[in-house]
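# Fold and geometry: a report
Chain residues, written in single-letter form:
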Amino acid sequence: MDEEASQHEEPELRLVLLGRAGAGQSSAGDAILGRPAFQSGEDVAGAQCQRHRGRVGGRQVVVVTVPDWFSPRAPPPEEARALVSSFVALSSPGPHAFLLCVPGDQPPDGEERALAALELILGPLAVTAHTLVLFTRGEEKEEEEEEEVKTLEELLSTRRQDLLELVDSCGGRYHALRGAGGRGGAEGGEEEEEEKQRRRSVQELLKKVQRALGESEEDFFTCALYEEAGGRVRRRQEQLALERRERAVRGGIEEEEPGAHEAEGAEQEEREWEAAARSVVDLDVDVGGVLASLAVSPASPPPSLLWGLWERLLGWLRRVPGLVRPEALLGSLVGLFVGGPIGRMLGATAGSVATEVKRRKEKEQKTK
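Reading guide: rules and limits
Residues numbered from 1 in each chain as written. Predicted model: local features only at pLDDT ≥ 70, side-chain atom pairs only at ≥ 80, totals over all residues. Heavy atoms only, no water. Helix = DSSP H or I, 4+ residues; strand = E, 2+ residues; numbered from the N terminus. Expected span 1.5 Å × (residues − 1). Buried < 20%, exposed > 50% of the residue type's maximum accessible area, 1.4 Å probe, protein only. Phe/Tyr/Trp six-rings, centres within 6.5 Å; stacked < 30°, edge-to-face > 60°. Lys NZ or Arg CZ within 6 Å of the ring centre and 35° of its normal. Axes fitted to C-alpha atoms, helices over the stretch in contact; angles between N-to-C directions. Parallel < 35°, antiparallel > 145°, perpendicular 65-115°, else oblique. Left-handed = near helix turned anticlockwise from the far one by under 90°. Contact = heavy atoms within 4.5 Å. Nonpolar A, V, L, I, M, F, W, Y, C, P; charged D, E, K, R; others polar.

To continue, consider helix α4 (residues 111–122). Here α4 spans 16 Å end to end across 12 residues, near enough to the 16 Å set by a 1.5 Å rise per residue. Within the sequence span of α4, burial applies to E111, R113, A114, L115, A117, L118, I121 and L122. Of the residues trailing α4, G123 is marked for its positive phi of about 105°.

What follows is the structure, encoded as structure tokens:
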């Protein structure tokens, strides 16, 4: 029966969790696997990638978490290159999805930079076809309760246009993950209910991953860098297996018949595979060049262009007085089109002007 079941078992599902430090990658990994597996906190942020596997809904799922390597707080280029090489090798021959962890209760901080870095390293399809925004509650707030609960759709469509733009960059794919793999403080019936919610949330997440794969018509994501990593991992794994057999011969240990202690053999093979993958730290990728290109701020437009943009935006705002939080949207638009310190300054001013315009318009309507 076991042999028949193994023949019909689905292939493993590989997920790569990205995000800035403290975005909740570790707790998300625990929630997906249903057990505490990943270390979290500043002591491991920026250290090395973590990889764990487990059976989820009858299927083997491999989760790889990646420290922040793309932000201005990231390690030097050579260390960042080692991190990129590591997560690519650990998720080879290719992940079924990249999950960009975003704390939904915090302002954005470098997520667009993460997507840009991923696109420059692996190509645009890595983002547009294979990345899903995973909303978390962050490492520091995972045990706190929100005072006001709103649906994610309401949050995206009204108050958080910045998050909506992030989701749009990933083909409109997103998910709010419930549960933290045994890190909650609930007891008794509450704990059972939280576990049910976690399982449902994880199953919904995996369905969304499968849906994205169906839309892409690919078994999993791959590119030249993954092919390079996969080849190096296979060669190193073969070398490790050969060295193990040679040690057995020198020690006078006879090689066991196929099938004997199959579980132990599979565990040994898995350990050798991960050791081989962790030996890959220098893939042919210019991470330093990517980080340097991300650090370049867009050039500021000439004053005449800025003034023209300013007038067009104010005129547009006056034509749409009923828009929800127009001052926030106007500031976002200014930051998007202008960029850099000037964009931030104009964004703040635009917000103040928008608020005043709305106040005067409401006052005029009341006096009529």
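Looking now at the packing of aromatic side chains. Applying the stated criterion across every chain yields a total of 4 aromatic pairs. Judged by centre distance (5.7 Å) and plane angle (70°), the ring pair of F98 and F221 falls under edge-to-face. Highlighted residues: F98 in strand β4 (residues 97–103) and F221 in the loop between α8 (188–216) and α9 (224–250), separated in sequence by 123 residues. Across the pair, exposure class does not vary: F98 and F221 are buried alike. Among the aromatic residues, ring-to-ring pairing joins F98, F221 and Y226 into one connected group. Lying over the aromatic face of Y174, K208 brings its terminal NZ or CZ to 5.7 Å of the ring centre.

Our focus in this paragraph is the packing of helix α3 (residues 77–90) against helix α11 (residues 287–295). Look at α3 against α11: their axes get within 8 Å of each other, and the N-to-C directions meet at 110°. If you check the angle between α3 and α11, you find them roughly perpendicular. Classified by chirality, the crossing of α11 by α3 is right-handed. Between α3 and α11, the contacting residues are P77, A80, R81 and V84 on the first element and V287, G288 and L291 on the second. Of the residues assigned to the contact of α3 with α11, the class counts are 5 nonpolar, 1 polar and 1 charged.

Most peptide bonds take the trans configuration, and most residues that are not glycine carry a negative phi. Across the junction of S92 and P93, the peptide omega takes the value 10°, indicating a cis bond. Topologically, P93 is positioned in the loop between α3 and β4. Unlike most non-glycine residues, E217 shows phi in positive territory, near 60°. Tracing the sequence through the fold places E217 in the loop between α8 and α9. Given the relative accessible area of 74%, E217 is considered exposed.

In this fold, A74 is placed in the loop between β3 (59–65) and α3. It is 9.5 Å that separates the C-alpha atoms of A74 and L291, two residues lying 217 residues apart in sequence. The contact partners of A74, leaving out residues within four places of it in the chain, are D68 and W69.

Below, the discussion takes up the environment of P103. Structurally, the position occupied by P103 is in strand β4. Since its relative accessible area comes to 0%, P103 is described here as buried. The spacing of P103 and R20 is 83 residues in sequence and 9.7 Å in space, taken between C-alpha atoms.

Glancing now at the packing of α4 against α11. In the contact formed by α4 and α11, the axes pass within 10 Å of each other and the chain directions differ by 140°. By the angle between their axes, α4 is oblique relative to α11. In the packing of α4 onto α11, the handedness of the crossing is right-handed. Listed contacts from α11 to R113, A116, A117, L120 and I121 of α4 are V287, V290, L291, S293, L294 and A295. Among the residues forming the contact of α4 with α11, the class breakdown is 9 nonpolar, 1 polar and 1 charged.

Keep in mind these numbers describe shape, not what the thing actually does.
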